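The lines below spell out each chain.
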Amino acid sequence: MSIEFMKNGPLEKIGALVTSILTMPVKLKSDSFEKWMAPEFNTFPEETAWLESRRKLEGAQGLWRVDNSIYDLTDFAKDHPGGEQWINLTKGTDITELFKTYHVTDAPRQLLSAFYVKSAKTPRNSPFTFGSNDFYEILRRRVNEKLRHVQRGPSLKAKMFADSLLVLCLACCWSTARFESHVLAVVAGLFLCVVTICAHNFFHQRDNWRMHYFRLCGFSVTGWRVSHAMSHHMYPNSIHDMEMRMLEPWLQWCPSDKTLFHRFASWLYSPVVYTLLLPMAILLRWGISGHDGAIEAVSLVVPLVLWMGQPAGISGILPTLYWWVAVIFITSFFFGLIGVNAGHHHPELFHDGDRIIQKGGKVDWGIYQMLAVRDRRQANDNIVSLALFGDHALHHLFPSLDHMVLPMLYPELEKTCREFGIELKTCTIWEATMGQFLQLARVRKLMLTHGA
Ligand code: HEM
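For clarity, every value in this text was computed on a predicted model and none was experimentally measured. (Residues numbered from 1 in each chain as written. Predicted model: local features only at pLDDT ≥ 70, side-chain atom pairs only at ≥ 80, totals over all residues. Heavy atoms only, no water.)

Points about the overall build of the protein chain
And then number 1: When its secondary structure is counted, the protein chain shows 18 helices and nine strands.
And then number 2: At 23 Å, the protein chain has a C-alpha radius of gyration in line with the 22 Å of a compact globule built from 452 residues.
And then number 3: Counting only C-alpha atoms, the protein chain reaches 65 × 65 × 45 Å along its principal axes.
And then number 4: For the protein chain, with 452 residues in total, the buried portion stands at 57%.
And then number 5: Nonlocal contacts in the protein chain, meaning residues at least 24 apart in sequence, comprise 74% of its contacts between residues at least 6 apart.
And then number 6: Of the roughly 19600 Å² of accessible surface on the protein chain, a fraction of 65% belongs to carbon and sulfur atoms.
And then number 7: Here the protein chain carries 45 positive and 42 negative side-chain charges, and the mean point of each set is 3 Å from the other. (Helix = DSSP H or I, 4+ residues; strand = E, 2+ residues; numbered from the N terminus. Rg over C-alpha atoms; globule rule 2.2 N^0.38 Å. Buried < 20%, exposed > 50% of the residue type's maximum accessible area, 1.4 Å probe, protein only. Contact = heavy atoms within 4.5 Å. Areas by Shrake-Rupley, 256 points an atom, 1.4 Å probe, with all protein chains shown as cover. Lys, Arg positive; Asp, Glu negative; His and termini not counted. Charge placed at Lys NZ, Arg CZ, Asp CG, Glu CD.)

Side note on the nonpolar core
And then number 1: Core analysis: the largest hydrophobic core is formed by 50 residues, its most contacted members being Phe135, Phe398 and Leu413.
And then number 2: Not counting residues up to four positions away in its chain, the partners in contact with Phe398 are Thr101, Val104, Tyr136, Leu139, Arg140 and Val143.
And then number 3: Residues Ile197, Cys198, Ala199 and Val302 belong to the second largest nonpolar core, which totals 46 residues. (Core = buried A, V, L, I, M, F, W, Y, C linked by side-chain atoms within 4.5 Å.)

Some words on unusual backbone geometry
And then number 1: Phi is positive for Asp67, which is not a glycine, with a value near 55°.
And then number 2: For Asp67, the location among the structural elements is in the loop between strand S1 (64–66) and strand S2 (69–71).
And then number 3: Among the residues examined, Asp67 registers a relative accessible area of 32% and is labelled partly exposed.
And then number 4: One non-glycine residue, Phe389, lies in positive phi territory at about 55°.
And then number 5: A relative accessible area of 6% places Phe389 in the buried class.

Re the UniProt feature "transmembrane region" (unreviewed entry) in the protein chain
And then number 1: Residues annotated by UniProt as "transmembrane region" (unreviewed entry) correspond here to residues 183–203, 267–287 and 321–340.
And then number 2: Helix makes up 100% of residues 183–203 and strand 0%, with an end-to-end C-alpha separation of 31 Å.
And then number 3: Structurally, residues 321–340 comprises 100% helix and 0% strand, and the distance from its first C-alpha atom to its last is 28 Å. (UniProt positions renumbered as here; feature names shortened; annotations may be inferred.)

Considering the confidence of the model for the protein chain
And then number 1: For the protein chain, per-residue confidence averages 90 on the pLDDT scale, and residues scoring 70 or more make up 91% of the total.
And then number 2: This stretch, residues 1–6, has a pLDDT under 50; its non-local contacts, to residues over four places away or in other chains, come to seven contacts. (pLDDT = per-residue confidence, 0-100.)

Quick look at the coordination of the iron atom of the ligand
And then number 1: At this site the iron atom of the ligand is bound by His80 (NE2) and His103 (NE2), with donor distances of 2.0 Å.
And then number 2: Note that the iron atom of the ligand binds six donor atoms; their angles at the metal cover 87 to 178°, and the shape is octahedral. With His80 in the loop between S2 and helix H4 (84–89) and His103 in the loop between helix H5 (96–102) and helix H6 (107–112), the pair connects residues that are 23 residues apart, well separated along the chain.
And then number 3: By relative accessible area, which is 14% here, His80 ends up buried. (Donors = N, O, S within 2.8 Å, 3.2 Å for Na, K, Ca; no water. Tetrahedral: all angles 85-135°; square planar, octahedral: opposite > 155°, others 65-115°.)

Structural notes on the packing of helix H8 (residues 156–179) against helix H13 (residues 301–309)
And then number 1: It is at 7 Å that the axes of H8 and H13 come closest, and there the two elements cross at 45°. Here H8 lies oblique to H13, going by the angle between them. The crossing of H8 and H13 is right-handed. Note on element contacts: H13 touches H8 through Val301, Val302, Val305, Leu306, Met308 and Gly309, opposite Leu170, Cys173, Trp174, Thr176, Ala177 and Arg178.
And then number 2: Among the residues forming the contact of H8 with H13, the class breakdown is nine nonpolar, two polar and one charged. (Axes fitted to C-alpha atoms, helices over the stretch in contact; angles between N-to-C directions. Parallel < 35°, antiparallel > 145°, perpendicular 65-115°, else oblique. Left-handed = near helix turned anticlockwise from the far one by under 90°. Nonpolar A, V, L, I, M, F, W, Y, C, P; charged D, E, K, R; others polar.)

Examining the packing of aromatic side chains
Two descriptors summarise a pair of aromatic rings, namely the distance from one centre to the other and the angle between the planes of the rings.
And then number 1: Here the structure, examined in full by the defined rule, presents 30 aromatic pairs.
And then number 2: Note on Phe203 and Phe214: the rings are 4.9 Å apart at their centroids and 85° apart in plane angle, and the pair reads as edge-to-face. Of this pair, Phe203 sits in helix H9 (residues 182–203) while Phe214 sits in the loop between H9 and helix H10 (221–232), placing them 11 residues apart in sequence. Here Phe203 and Phe214 have matching classes, each one buried.
And then number 3: An angle of 65° between the planes, with centres 5.6 Å apart, marks the rings of Phe264 and Trp267 as edge-to-face. Here Phe264 and its partner Trp267 are both found in helix H12 (residues 260–289), three residues apart, which amounts to about one turn of the helix. (Phe/Tyr/Trp six-rings, centres within 6.5 Å; stacked < 30°, edge-to-face > 60°.)

Focus: the sheet that holds S2
And then number 1: Taking strand neighbours across the sheet as the criterion, the three strands line up as S1-S2-S3 in an open arrangement whose pairing is antiparallel. With one partner strand each, in any of the chains shown, S1 and strand S3 (116–119) form the two edges of the open sheet. Along the sheet, successive strands turn relative to each other by an average axial angle of 35°, direction set aside.
And then number 2: Sheet topology places S2 next to S3; three bridges connect them, and they run antiparallel. Across the sheet, residue Tyr71 finds its bridge partner in S3, namely Tyr116. (Pairing = 2+ DSSP bridges.)

Structure below.
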């Protein structure tokens, strides 16, 4: 084969196509908010790289930034009621959004001044505001008032639901190996998926042991506190949303330049992406990002139960491995299917590239959240919401609140939305799923005047 053929011929074209499919577009600036700088990465973004990149952009001077002030939380970290990890991970970054939305009460806001060091030298690298008479702060005060006498930590109902699903999941794993049944493996994978989604309710809250259920399928709590809680939750559908950007080489929801292949072939290969999501995350973590230490042993519970169930006794390592891999792939498929279609991707919702027009040019963080999520009716206001990322708008607005508390907050949300001219639209699970596929194809950019 001549070199010319390789340089200009079909091989090079195939190579270029494969590279364009597998490499994430490098975007250093948001297409929606002119001055908003993105973390710099052009490969599969891992959590530590994302945080490191933010440290360079946010003028926190090696400490913690809230609005235009710098605080030293070094000594406070170990006393933080939510747990040390939240504080330690965010050192050197701007924690304004996290700080203001993870605390519903006024106590943290009052305590903060005790750690003041100096003023920041540069403007904030974020388009979002929390004006005291704007949508989010008014809603937060109402929610705080409503919850004054309500227990805010993990609720008994949520704990019992998660524990029951876990027992069912492990029973199915045991039976899968005992009866060598692929049907049971599918059921076990489905249960492992919903246990994982339930565990997500717990890792948003103060440290508690049920958050480690999240590890049963091989995911990392630390990694997801960064990519999900700090990135996706604070900045959904934007260039700072790691969860969306990690999938961009394959699934591109932003209405920027995208090939016909990405717009339409992605409809066909989406199930493959869902199925590879978890195995990829496990490989990436063990290969690049590192692990969380001894607590990772939790992820061995599933193979242990499979090993105990299989009939070959001590020599049954290979069948155990086979069923473990099978269950992980099935879990991954369901997790991707539910997660990707959980109400963020729809042709009427904000994605980077769309414009948000609000009074005075400010963008209230709460209104931005309402523009980037659409609740699914069947997944709201009931126990199933725990297993389906339900009550999603309220969960985004108040991530540290237990899911079982959220349904009682609809009157406050509806009242505040009415006052700010925000329409609380919902859809069915089917419409959300169809909307997600239509969003993959969307290239037309939106002007969202919602709440203006
Ligand atoms: C990276 C930013 C932070 C995150 C993600 C975070 C997260 C959390 C979480 C998840 C809880 C448990 C919520 C609950 O059980 O109701 C909590 C509680 C609390 N945090 Fe933080 N926190 C952060 C920074 C801070 C800072 C800077 C302070 C004060 C200087 C603070 C003070 C408190 C207090 C006093 C509580 C007790 C609950 C309350 O009164 O609302 N946190 N935090």
